[in-house]
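# Architecture and fold: a report
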Amino acid sequence: MAKYNDLDPKKWKEYTDINTDSLWIIDKRDNSGAHTGDYHGNFVPQIPHQLFSRYTKKGDWILDPFMGSGTSLIEAQRMGRNSIGIELQQTVACEARERIETERRDDCAVKVVSGDSRTIDMDKIMNDIGIKKLQFVIMHPPYWDIIKFSESKNDLSNMESLDEFLGAFGEVIDNSTKRLEKNRYCACVIGDKYSNSQVIPLGFYCMNKFIEKGFLLKAILVKNFGETKGKSNQQGIWRYRAITNDFYIFKHEYIFVFKKVK
Ligand SMILES: C[S@@+](CC[C@H](N)C(=O)[O-])C[C@H]1O[C@@H](n2cnc3c(N)ncnc32)[C@H](O)[C@@H]1O
């Protein structure tokens, strides 16, 4: 049996709900229980669910350094995994903590911290909890400035240039993965953007950051995305613009999976 998940190879035919293909079409958000879906810029719970099933075991420790509304932590808790969430905005972190608490279970721990994931003292957080290593890191950073999350200059969505954004993202990778156990995995969920009439392939730039830092690239997954709240009434306008211009409307984002080998 693989050491990084609880799946039983003998039962592989029974795991019909576990994705093994690189194209993920998820039609409906899981809005059950604490998963409200109200936070603009959240991801669907099915993303962490699939990743945790494949790359973690019950009792493992998972870190999400861009916690937002706490989707990964809610899912981790439901699946019997321990989790740490870091979120820059204190009010967002508090709301997430309250939401996670509504599904509290005694057999797993959840730690929510407010701070800047580039510089927050991970050693202190982990020493306080009494753990030495993380077994999985899930990252869902701002897609640079597509959604402005706060006014803070420490917010990755407020970085003034692409280089600054990628530099800050690199700092989060370093700080979040230094205590990730060797031979375990991390994942990054991100989409691309348009600027000045050209595609800025944020996804591939972020993917390269991990590769430069010595991670092995294990998967490039393409996930569909439906209408965002902001664009739901504008389908026709965007289709008109695309047909009368030279671009395509983004309907996908990426999930990159990496293995820490050094
Ligand atoms: C794309 S959202 C994550 C949403 C989350 N996956 C969810 O389902 O709610 C990115 C989050 O990163 C936070 N953020 C931005 N810069 C940060 C930083 N330097 N440190 C920690 N969090 C940051 C933003 O406030 C935002 O909540």
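Here's what I pulled together on the structure shown here. This is a predicted model, so every value here is computed, not measured.

Procedures and definitions
- Residues numbered from 1 in each chain as written.
- Predicted model: local features only at pLDDT ≥ 70, side-chain atom pairs only at ≥ 80, totals over all residues.
- Heavy atoms only, no water.
- Helix = DSSP H or I, 4+ residues; strand = E, 2+ residues; numbered from the N terminus.
- Buried < 20%, exposed > 50% of the residue type's maximum accessible area, 1.4 Å probe, protein only.
- Lys, Arg positive; Asp, Glu negative; His and termini not counted.
- Salt bridge = Lys/Arg side-chain N within 4 Å of Asp/Glu carboxyl O.
- Contact = heavy atoms within 4.5 Å.
- Near = heavy atom within 4 Å.
- Polar contact = N/O pair within 3.5 Å; in protein donor to acceptor, adjacent residues only side chain to side chain.
- Areas by Shrake-Rupley, 256 points an atom, 1.4 Å probe, with all protein chains shown as cover.
- Nonpolar A, V, L, I, M, F, W, Y, C, P; charged D, E, K, R; others polar.
- Phe/Tyr/Trp six-rings, centres within 6.5 Å; stacked < 30°, edge-to-face > 60°.
- Lys NZ or Arg CZ within 6 Å of the ring centre and 35° of its normal.
- Expected span 1.5 Å × (residues − 1).
- Right-handed = clockwise from strand over helix to strand, strands pointing away.
- Pairing = 2+ DSSP bridges.
- Axes fitted to C-alpha atoms, helices over the stretch in contact; angles between N-to-C directions.
- Parallel < 35°, antiparallel > 145°, perpendicular 65-115°, else oblique.
- Left-handed = near helix turned anticlockwise from the far one by under 90°.

With that settled, consider the side chain of Arg99. Assignment of secondary structure puts Arg99 in helix H3 (residues 90–101). Put simply, Arg99 is tucked away with no salt bridge, and the nearest opposite charge, on Glu95, sits 4.3 Å away. Residues within four places of Arg99 in sequence aside, it is in contact with Ala34, Thr36, Ser69 and Ile74.

Turning our attention to the site of the ligand. In the vicinity of the ligand there are 23 residues, among which Tyr39, Ser69, Thr71, Glu87 and His140 approach most closely. In the environment of the ligand, a nitrogen atom lies 2.9 Å from a nitrogen or oxygen atom belonging to the side chain of His140. Within the contact set of the ligand, a nitrogen atom lies 3.1 Å away from a backbone nitrogen or oxygen of Leu156. Taken by itself the ligand offers 610 Å² of open surface, and the protein chains cover 99% of this. Partitioning the shell around the ligand into residue classes produces 10 nonpolar, 10 polar and three charged.

Let's shift gears to the packing of aromatic side chains. Summed over all chains, the structure comprises 18 aromatic pairs. Plain terms: the ring middles of Tyr4 and Tyr185 are 5.0 Å apart, the flat faces sit at 55 degrees to each other, and that makes the pair tilted. Residue Tyr4 is found in the segment before strand S1 (23–24), and its partner Tyr185 is found in strand S6 (residues 180–190); the two are separated by 181 residues along the sequence. Its relative accessible area of 26% is what places Tyr4 among the partly exposed residues. Lying over the aromatic face of Trp144, Lys193 brings its terminal NZ or CZ to 4.5 Å of the ring centre. Cation over ring: Arg241 sits above Trp238, and NZ or CZ is 4.8 Å from the ring centre.

On to helix H5 (residues 162–177). A rise of 1.5 Å per residue sets the reference length of H5, with its 16 residues, at 22 Å; its end C-alpha atoms lie 22 Å apart and thus fit the reference within 8%. Every buried residue belonging to H5 is among Leu162, Phe165, Leu166, Ala168, Phe169, Gly170, Val172, Ile173, Asn175, Ser176 and Thr177, and all of these are buried. Residues of H5 that are buried sit in contact with strand S2 (61–64), helix H4 (122–129), strand S5 (134–139), S6, strand S8 (198–200) and helix H6 (202–212).

Another point: the pairing of S6. Look at any regular strand and the pattern is simple: side chains alternate between the two faces of the sheet. Among the 11 residues of S6, eight are classified as buried, and the element is accordingly described as predominantly covered. Taken together, S5, H5 and S6 constitute a β-α-β crossover, and its handedness is right-handed. Looking at chain direction, S6 and strand S10 (residues 252–259) are connected through six bridges and run antiparallel. Within S10, the residue paired with Cys188 across the bridge is Phe256.

Spatial ordering of the open sheet is given by S1-S9-S10-S6-S5-S2-S3-S4, a layout of eight strands whose pairing is mixed. The strands lining the two open edges of the sheet, one partner per strand, are S1 and strand S4 (110–114). Here H5 sits on the sheet and contacts S2, S5 and S6; the angle it forms with S5, its principal contact strand, is near 160 degrees.

We now examine the side chain of Asp192. Mapped onto the elements, Asp192 comes out in the loop between S6 and strand S7 (193–195). Buried and unpaired, Asp192 has no salt bridge, with Lys193 as the nearest side chain of opposite charge at 11 Å. Separated by 3.2 Å, the side chain of Asp192 and the backbone nitrogen of Leu202 make a polar contact. Within the local environment of Asp192, its side chain forms a polar contact with the backbone nitrogen of Gly203, the two atoms lying 2.9 Å apart. Once residues within four sequence positions are removed from consideration, Asp192 is found in contact with Ile146, Val199, Ile200, Pro201, Leu202, Gly203, Phe204, Phe250, His252 and Tyr254.

It is worth spelling out the packing of helix H1 (residues 46–55) against helix H2 (residues 71–78) at this point. Between H1 and H2, whose axes approach to 9 Å, the crossing angle comes to 45 degrees. In terms of axis orientation, H1 runs oblique to H2. As for how H1 packs across H2, the hand of that crossing is right-handed. Across the interface between the two elements, Pro48, His49 and Phe52 from H1 touch Thr71, Ser72, Glu75 and Ala76 from H2. Residues of the contact of H1 with H2, tallied by class, amount to three nonpolar, three polar and one charged.

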